[in-house]
Amino acid sequence: MKRHLISAADLTRDDAVLILDTAEEMARVADRPIKKLPTLRGRTVVNLFFEDSTRTRISFEAAAKRLSADVINFSAKGSSVSKGESLKDTALTLEAMGADAVVIRHHSSGAPHRLATSGWIKGSVVNAGDGTHEHPTQALLDAFTMRRHLAGAPDGGSTHHRGPGDGTGRDLAGRKVTIVGDILHSRVARSNVHLLTTLGAEVTLVAPPTLVPIGVERWPCEVSYDLDAVLAASDAVMMLRVQRERMNAAFFPTEREYARRYGLDGHRMARMPEHAIVMHPGPMNRGMEITAEVADSRRCTAVEQVTNGVSIRMATLYLLLGGNEPAIAPTPATPAEARTEETRKP
Amino acid sequence: MSETTKTLLRGARVIGGESADVLIDGATIAAVGQGLTAEGATVIDAAGQILLPGLVDLHTHLREPGREDSETVLTGTQAAAVGGYTAVHAMANTFPVADTAGVVEQVWRLGRESGYCDVQPIGAVTVGLEGKKLAELGAMHDSAASVVVFSDDGKCVDDAVIMRRALEYVKAFDGVVAQHAQEPRLTEGAQMNEGVVSAELGLGGWPAVAEESIIARDVLLAAHVDSRVHICHLSTAGSVEIVRWAKSKGWNVTAEVTPHHLLLTDELVRSYNPVYKVNPPLRTEADVMALREALADGTIDCVATDHAPHPHEDKDCEWGAAAMGMVGLETALSVVQHTMVDTGLLDWAGVADRMAFRPAAIGRLTGHGRPIAAGEPANLTLLDPTYRGVVSPAGFASRSRNTPFEGRELPGRVTHTFLRGRATVVDGKLT
Ligand SMILES: [Zn+2]
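Everything quoted here is computed from the prediction, not taken from an experiment.

A word on the environment of Val107 of chain B
Residues and elements named next belong to chain B. Mapped onto the elements of the fold, Val107 is located in helix H2 (residues 101-114). Expressed as a C-alpha distance, the spacing of Val107 and Ala145, which sit 38 residues apart in the sequence, is 8.3 Å. Setting aside chain neighbours within four positions, we find Val107 in contact with Glu64, Pro65, Ala90, Val119 and Pro121.

Remarks on the UniProt feature "binding site: carbamoyl phosphate" (unreviewed entry) in chain A
All names here are of chain A. Summarizing the sequence annotation, UniProt attributes the feature "binding site: carbamoyl phosphate" (unreviewed entry) to Arg55, Thr56, Arg105, His135, Gln138, Gly282 and Pro283 in the numbering used throughout. On the secondary structure map, Arg55 appears in helix H2 (residues 54-66). Here Arg55 falls in the partly exposed class, since its relative accessible area comes to 42%. Residues contacting Arg55, with those up to four places away along its chain left out, are Pro281, Gly282, Pro283 and Val306. Structurally, the position occupied by Pro283 is in the loop between strand E9 (277-279) and helix H10 (292-295).

Examining the UniProt feature "binding site: Zn(2+) 1" (unreviewed entry) in chain B
All names here are of chain B. Under the local residue numbering, the UniProt record ascribes the feature "binding site: Zn(2+) 1" (unreviewed entry) to His59, His61, Asp153 and Asp306. The named residues occupy 248 residues along the chain; their greatest pairwise C-alpha distance, 9.8 Å, places them in one compact cluster. On the secondary structure map, His61 appears in the loop between strand E6 (55-60) and helix H1 (73-82). Overall, the relative accessible area of 4% leaves His61 in the buried class. If near-sequence neighbours (up to four positions away) are discounted, His61 is found in contact with Met91, Asn93, Asp153, Asp306, His307, Ala308 and Pro309. In this structure the side chain of His61 is engaged in a polar contact, spanning 2.9 Å, whose partner is the side chain of Asn93. Take Asp306: it is sitting in the loop between strand E15 (302-303) and helix H10 (332-341). The buried category is assigned to Asp306, whose relative accessible area is 6%. For Asp306, the contacting residues outside a window of four places in its chain are His59, His61, Asp153, His233, Thr258, His260, Asn279 and Met326. A polar contact of 3.0 Å, which involves the side chain of Asp306, links it to the side chain of His61.

As for the domain arrangement of chain B
All names here are of chain B. For chain B, the assigned domains read domain 1 (6-50 + 375-430) and domain 2 (54-362). Together, the buried faces of domain 1 and domain 2 total about 3100 Å²; carbon and sulfur atoms form 63% of this surface. At the junction of domain 1 with domain 2, the criterion picks out 1 salt bridge. When the shortest N-O distance is used, the salt bridge between Arg420 and Asp118 registers 2.7 Å. The interface formed by domain 1 and domain 2 holds 18 residue pairs in polar contact (both at pLDDT 80 or more) in total. When contributions to the side of domain 1 that touches domain 2 are tallied by element, the ones reaching two or more residues are strand E16 (380-390), strand E17 (409-419) and strand E18 (422-426). Among the elements that take part in the side of domain 1 that touches domain 2, E17 stands out by supplying 7 residues, more than any other. A breakdown of the residues in the side of domain 1 that touches domain 2 according to their chemical character gives 17 nonpolar, 10 polar and 7 charged.

Some thoughts on the state of the cysteines
Applying the stated criterion across every chain yields a total of 0 disulfides over all chains. Free cysteine: Cys156 of chain B, not disulfide-bonded; nearest cysteine sulfur from Cys232 of chain B at 9.9 Å.

Considerations on the confidence of the model for chain B
Scored by pLDDT, chain B comes out at a mean of 97, with 99% of its residues at no less than 70. The ipTM value of the predicted complex is 0.89, and its pTM value is 0.92.

Focus: the side chain of His180 of chain B
All names here are of chain B. For His180, the position within the fold is in the loop between strand E10 (176-179) and strand E11 (192-193). At 2.8 Å, the side chain of His180 and the side chain of Gln182 are in polar contact. His180 has contacts with Asp153, Gly154, Lys155, Cys156, Cys232, His233 and Asn279, leaving out every residue within four places of it along the chain.

Structural notes on the UniProt feature "domain: Dihydroorotase catalytic" (unreviewed entry) in chain B
The positions that UniProt labels "domain: Dihydroorotase catalytic" (unreviewed entry) are, in the present scheme, residues 48-236 of chain B. In residues 48-236 of chain B, the share of helix is 34% and the share of strand is 17%. The end C-alpha atoms are 36 Å apart.

Looking at the interface of chain A and chain B
Of the residues lining the interface, 20 residues belong to chain A; the matching set on chain B comes to 20 residues. Viewed at the interface, chain B and chain A are joined by 1 salt bridge. A salt bridge links Lys88 of chain A to Asp316 of chain B; its shortest N-O distance comes to 2.5 Å. Applying the counting criterion to the chain A and chain B interface returns 10 residue pairs in polar contact (both at pLDDT 80 or more). Of all the secondary-structure elements, those providing two or more residues to the side of chain A that touches chain B are helix H3 (87-96) and helix H4 (111-117) of chain A. Per-element tally for the side of chain A that touches chain B: the top contributor is H4 of chain A, with 3 residues. Looking at the side of chain A that touches chain B, its residues break down into 7 nonpolar, 8 polar and 5 charged.

Here we look at the sheet that holds E6 of chain B
Residues and elements named next belong to chain B. A sheet is described by the order of its strands in space; here 3 strands give the open sequence E6-E7-E8, paired in parallel fashion. Looking at strand neighbours, the two that pair on one side only are E6 and strand E8 (118-121), the edges of this open sheet. Sheet twist, expressed as the mean angle between neighbouring strand axes with direction ignored, is 20°. As paired elements, E6 and strand E7 (residues 85-90) share 4 bridges and run parallel to each other. Paired with Val56 across the bridge in E7 is Ala87. Sitting on the sheet, H2 is in contact with E7 and E8, with an inclination near 175° to E8.

Some words on the domain arrangement of chain A
Residue and element names in this part refer to chain A. Under the domain assignment, chain A is made up of domain 1 (8-134 + 309-330) and domain 2 (136-304). If you look at the interface, domain 1 gives 31 residues, while domain 2 gives 28 residues. Ranking the residues of domain 1 by area buried against domain 2 places Arg13, Leu20 and Glu24 at the top, with a combined share of 24%. At the junction of domain 1 and domain 2, the tally comes to 4 salt bridges.

Concerning the coordination of the zinc ion
Residue and element names in this part refer to chain B. Asp153 (OD), His180 (ND1) and His233 (NE2) make up the full set of protein donors to the zinc ion, lying at 1.8 to 2.2 Å. In terms of primary sequence, the donors binding the zinc ion are separated according to D-x26-H-x52-H. You can see Asp153 sitting in the loop between strand E9 (149-150) and helix H4 (160-169) and its partner His180 sitting in the loop between E10 and E11, a full 27 residues away along the chain. For Asp153, a relative accessible area of 3% puts it in the buried group.

Description of the nonpolar core
If you look at soluble globular proteins, the nonpolar side chains tend to sit buried side by side. Leu9, Leu51, Leu234, Val351, Met355 and Leu380 of chain B are the most contacted members of the largest nonpolar core, which has 95 residues in total. No other element matches helix H6 (residues 208-225) of chain B, which puts 6 residues into this core. In terms of domain composition, this core takes at least three residues from each of domain 1 (6-50 + 375-430) and domain 2 (54-362) of chain B. Sequence-distant contacts of Leu51 of chain B, that is, excluding residues within four places in its chain, are made with Leu9, Ala12, Arg13, Val14, Ile15, Gly16, Val22, Ile372, Leu380, Thr381 and Leu382 of chain B. Grouped together as the second largest cluster of nonpolar side chains are 88 residues, Leu20, Ala23, Leu199 and Leu321 of chain A included.

Definitions and limits used
- Residues numbered from 1 in each chain as written.
- Chains lettered and ligands numbered in written order.
- Predicted model: local features only at pLDDT ≥ 70, side-chain atom pairs only at ≥ 80, totals over all residues.
- Heavy atoms only, no water.
- Helix = DSSP H or I, 4+ residues; strand = E, 2+ residues; numbered from the N terminus.
- Contact = heavy atoms within 4.5 Å.
- UniProt positions renumbered as here; feature names shortened; annotations may be inferred.
- Buried < 20%, exposed > 50% of the residue type's maximum accessible area, 1.4 Å probe, protein only.
- Polar contact = N/O pair within 3.5 Å; in protein donor to acceptor, adjacent residues only side chain to side chain.
- Domains from an automatic or database assignment.
- Buried area = accessible area lost by both parts, 1.4 Å probe.
- Salt bridge = Lys/Arg side-chain N within 4 Å of Asp/Glu carboxyl O.
- Nonpolar A, V, L, I, M, F, W, Y, C, P; charged D, E, K, R; others polar.
- Disulfide = S-S within 2.5 Å.
- pLDDT = per-residue confidence, 0-100.
- Pairing = 2+ DSSP bridges.
- Axes fitted to C-alpha atoms, helices over the stretch in contact; angles between N-to-C directions.
- Donors = N, O, S within 2.8 Å, 3.2 Å for Na, K, Ca; no water.
- Core = buried A, V, L, I, M, F, W, Y, C linked by side-chain atoms within 4.5 Å.

Spelled out as structure tokens, the structure:
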């Protein structure tokens, strides 16, 4: 693993599979009565959020705390940052406080990259979403969710299966993923295109042409303007949040027209293969990109994605900060039987 | 400043041609020939060096008044002298804006006091660069600064009626409107060239069409009212095509290109290092090649630096928060040698034309952009083309350090600059 997680494009297939496998181990911890590991005891993780995102922030916070790290939440709102303090000065402050990892959410694309490469701090940088660039841990949790549903049974079978299973050691080779919505402004889409392609999946982006970036032809994926044409061949359909304000900038005429052409409703869902799942990074705009019927159906993994997010972020922090020691298991062969100081009886 | 006496340049290749001796007496060139001698003259061995007319920049941001933390007229003209310039046009986007006779005269006077380089102020086209109401263009022309070039640079004169009126109005005194071509609605939130790289980096796109559509409109307007328009910092292959077409019609259109657009591409933005943030943005390799070709064939008339100093903190931040612009005076000639001369696209006579004769002609400067001949003003630049050096902004005369060329090896070094016979630079150092 590298020292930072800035872009999903930085991950090799083996890096990505290692994170997903580690997340599976972490997920098992969540099923125990005591959900805490001592792994990052004495380490400091700073959540540096220049943009409001309670969902992402608490996910990282839960992940760090389950690894026994000290967590400092640094929100730009109401702090010196909103009074014009620069990213650099904030970084120097965090460095002085001894941050081992900085989880950064920033409205400006490239801010995490800048933080990691400018020499302002020595710790690891985790991109928790930057502008319209990337959101790599979201892509990892999406891949994790897909792998559980689509990558084969725990016995290593190669067929699709329904319901969550494991999939440890496997990638997403040959799986067809359709990502629908505001691709132009979506950091989730960018990270997913990189990561899913690395994991062997075939990605198709679906959006009105106004919401597809100029230059997309160089991305390793297909682009379609017709949702109905691709549904039948999708193993997973990821619906992206579409901000209603986009119509004010003429990206589409009305909410109703958007929902009609690009929203996922029950009729469209019925055209998907039986095993296919519906995903959403949240928060959902019910009635816009997704109907309540679909959002509440058992094929929709939105809630499961939130749960998986904590496991992925635990795995990410562990691998970036924990070095080579095993996360949980004294012997790698029996990760599920892991012992920790906390569970070990004196 | 050295004393204004006699200087004999021995064995320089005059505008890249045959070696000759050039005798400077006072403010003028006294003689050009073989085997010249002069009693008491300072003799400079210029063997192997290229003697050029003093360079003329049509597009310099000197920042004074208002942003003296990034540059002053003094430091900016010192940087110009180091770069081989003897005249620069100072852009109007200062604080206050150079939109009155008072401000342009102030800048003009500061230039005279600096003594390193002539400063020809550019006047704003509209009051406060707001694009709404014409500034007193006539008053600025009639002032001591004798303004001929008008520009709202930094902003586009996007209202077609205001642009038409400005083009018509300046005909009364042979003025020219220099347009920063940027359709504002198409560039809201723009951070870099719109294309493959912006798609990946998730940075707001600045599409080529936002420049090209304004240029197309303005060459048509200039033709319609029979005036002259100058296009600032042309940056795309499409813009080249439009200007080429306009010139083929015989219309009075001129254009400039910056050194950075002749060398750098948007691939550099992948570093998210704001030193590469500039307006118009760095474009693609295909654009760079089209610009070089257009400068070589004369479609683009001149190289202009768009020297845009910014304090360190305005670049030492995340991309989105950073200021746009690059310093360029001290590296321009090296970049032109590297991209145009060393590639065989342009000879030294071409360099003299694109960096001195034509920009002086566009700005209607009388004492600059003159041939190197007896009786002409001694505005001269001596260049060692064999020099190779790594760009190090620590040694810049400019108050700012925001060069995109830091750490790059570039050819050529200005050894001497003469402003009306006085050496402003000797052996690469300011006098
Ligand atoms: Zn400009």
